[in-house]
Amino acid sequence: MQTADIPNATQAAAVDAIIRAEKIEKYYAQPSANRIQVISATDLSIVPGEILALLGPSGSGKSTMLRMLSGLSTPSAGRVYWHEQPIAEAEINVSIVFQSFALFPWLTVLENVEAPLQARGVAPEERRARSMKMLDTVGLDGFEAAYPKELSGGMKQRVGFARALVVEPEVLFMDEPFSALDVLTAENLRSELLELWANKTMPTKAVFLVTHNIEEAVLLADRIVVLGRNPGHIRTDFRVQLPQPRDRKSEAFTQLVDYIYKVLTRPDTAPAEVPEQQVKVRDQRQMRYQMLPHARPGGMAGLLELLLDKGGRDDIYRMADDLAFEIDDLLPIVDAAELLGFLKIEEGDAVITESGAEFANSEILRQKELFRDAALGHILLLRQIRRALETKSDHTVPEDFFLDMLDEQFSDEESLRQMETAVAWGRYAELFDYDSGRRRFVLPEAQDEGIAASEDVH
Ligand code: ADP
Ligand code: MG
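A short tour of the structure in this document, coming up. On a predicted model such as this, the values are computed, not experimentally measured, just so you know.

**Some thoughts on the side chain of Glu176**
- Mapped onto the elements, Glu176 comes out in the loop between strand E7 (171–175) and helix H5 (183–198).
- Among buried charged residues, Glu176 stands out as having no salt bridge; its nearest opposite-charge side chain is Lys62, 4.1 Å away.
- Residues in contact with Glu176, not counting those within four places in the same chain, are Lys62, Gln99, Val210, Thr211 and His212.

This is the structure:
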């Protein structure tokens, strides 16, 4: 099965690229001889003059992309060029700032900043002078002799920035550099970084920022690339045309945040057009099978009941808080309910739909019926399994038949997880039985008629 390739609308100016990745992929070998594909063939260029933010849910491959683009790791396929020279053969000049600071605890602040200069063979005096100047620039004047453990998180990250900038990198890579900091410290550091960039205090030509924080991307970036997962691929890529300094409360700002939020929370629908004023760089492929979130029907029922209890609408982050859930645990349930048409996402709120409200209010048998209708109406894989069972004279189909099709789109491991979820949903809805011994789907005979009738709706 082929996934549709949408031609690129406009390509980033590849000629000027400092770093250019061509169809890079990453997969990891598995003991079972299967391999996990983390990044599917992706083109991406880092051009001068831009802060590029790479956004995506956790596990979508952001850090993997950063490592390949910065030369820290080699792609499994495809190529990365540094000024059009294969990156492995080029003399590259980049630095990386990590979320975890990654300072040497046994070195003083000054020695930490000097370390990369020392590694590059810069003479001691020059090394000291440049490091002192850089510490001054990042506001750490007077802390040269301190050790990392004596510093707050914000100050540690200032050392991280000083150490990255002291080598005057052409490209500055940052992997969630503000995520470990408290809100105010993070906000401070962001605006200071932006100031250094805008004043050209640092000779850096491009910044590549990995983040999962939408507002952070919209505050800082000239261009935003959103990654989808399983395997990682570019979902949308556009230039942000809002002037700096940006106002979080302005309409254009919130509009853009909403747009990105929608792209992130609807991994299975084609991204909508970027809001006016922003310039689309390109779209990549669309998925054919939706990615089923790994959520149980019972979990969805619980969520919908709660939502109904709250008057049918609630902020997703607040719900997670109220339930003492991690947002990453709640999101699959929200996504699944949305996929089935039981709720809608509006500006960060989950809003229950008519069918969702009916589902939440019904007895178990009616719930199964509603779930069955929703599954057949919205989930391609379940519809295909059901149809195949009805078509075949013996009303049974091997699971492998569908796994092969899923494999075209997902990693082997994810295909199995997708199938597991589909089986759980299909069984719950009594769309089919699953014979785990023979690994075959079977039409539940007793209910043939009833289900066939309910399918007329679609
Ligand atoms: P992100 O930074 O977006 O959170 P990562 O790039 O760290 O994502 O990881 C993407 C995916 O690759 C994850 O599913 C992760 O489990 C997988 N992954 C990362 N490193 C390895 C590895 N060495 N072996 C197998 N899988 C890996
Ligand atoms: Mg990461």
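**Here we look at the environment of Pro86**
- Checked against the element boundaries, Pro86 lands in strand E5 (residues 85–86).
- For Pro86, a relative accessible area of 22% puts it in the partly exposed group.
- Measuring from C-alpha to C-alpha, the distance between Pro86 and Arg20 comes to 9.5 Å, with 66 residues separating the pair along the chain.

**Looking at the site of ligand 1**
- Looking at ligand 1, the residues that line it are Tyr28, Val38, Pro57, Ser58, Gly59, Ser60, Gly61, Lys62, Ser63 and Thr64.
- In the model, an oxygen atom of ligand 1 is placed 2.9 Å from a nitrogen or oxygen of the Lys62 main chain.
- Take Thr64: an N or O atom from its side chain is 2.5 Å from an oxygen atom of ligand 1.
- When isolated, ligand 1 has an accessible area of 570 Å², and the protein chains bury 58% of it.
- Sort the elements by how many residues they give to the shell around ligand 1 and helix H1 (residues 62–69) lands first, with 3 residues.
- For the shell around ligand 1, the class distribution of residues is 3 nonpolar, 6 polar and 1 charged.

Calculation rules
Counting restarts for each chain: residues are numbered from 1 in the order of the written sequence. The lettering of chains begins at A and the numbering of ligands begins at 1, in the order of writing. Per-residue local features of the predicted model are confined to residues with pLDDT of at least 70, and side-chain atom pairs are confined, for both listing and counting, to 80 or more; whole-chain, interface and lining totals are unaffected and use all residues. Heavy atoms from the whole structure form the basis of all side-chain values; hydrogens and water molecules are not counted. Every helix listed is a DSSP run of H or I at least four residues long, and every strand listed is a run of E at least two residues long, numbered separately from the N terminus. Relative accessible area decides the class of each residue, using a 1.4 Å probe on protein chains only: under 20% of the type maximum gives buried, over 50% gives exposed, and in between gives partly exposed. The charge count includes Lys and Arg as positive and Asp and Glu as negative, but it does not include His or the ends of the chains. Within this document, salt bridges are pairs made up of a side-chain nitrogen of Lys or Arg and a carboxyl oxygen of Asp or Glu, the two lying within 4 Å of each other. The contact criterion used throughout is that any non-hydrogen atoms of two residues lie within 4.5 Å. One heavy atom within 4 Å of a molecule or strand makes the whole residue count as near it. Contacts described as polar in this section are N or O atom pairs within 3.5 Å, which, within protein, must combine one atom able to donate a hydrogen with one able to accept it, while residues neighboring in sequence count only if both atoms come from side chains. Where accessible areas are quoted, they stem from the Shrake-Rupley method and a 1.4 Å probe; at the residue level, only the protein chains shown are allowed to cover. Note on residue classes: Ala, Val, Leu, Ile, Met, Phe, Trp, Tyr, Cys and Pro are nonpolar, Asp, Glu, Lys and Arg are charged, and everything else, Gly too, is polar.

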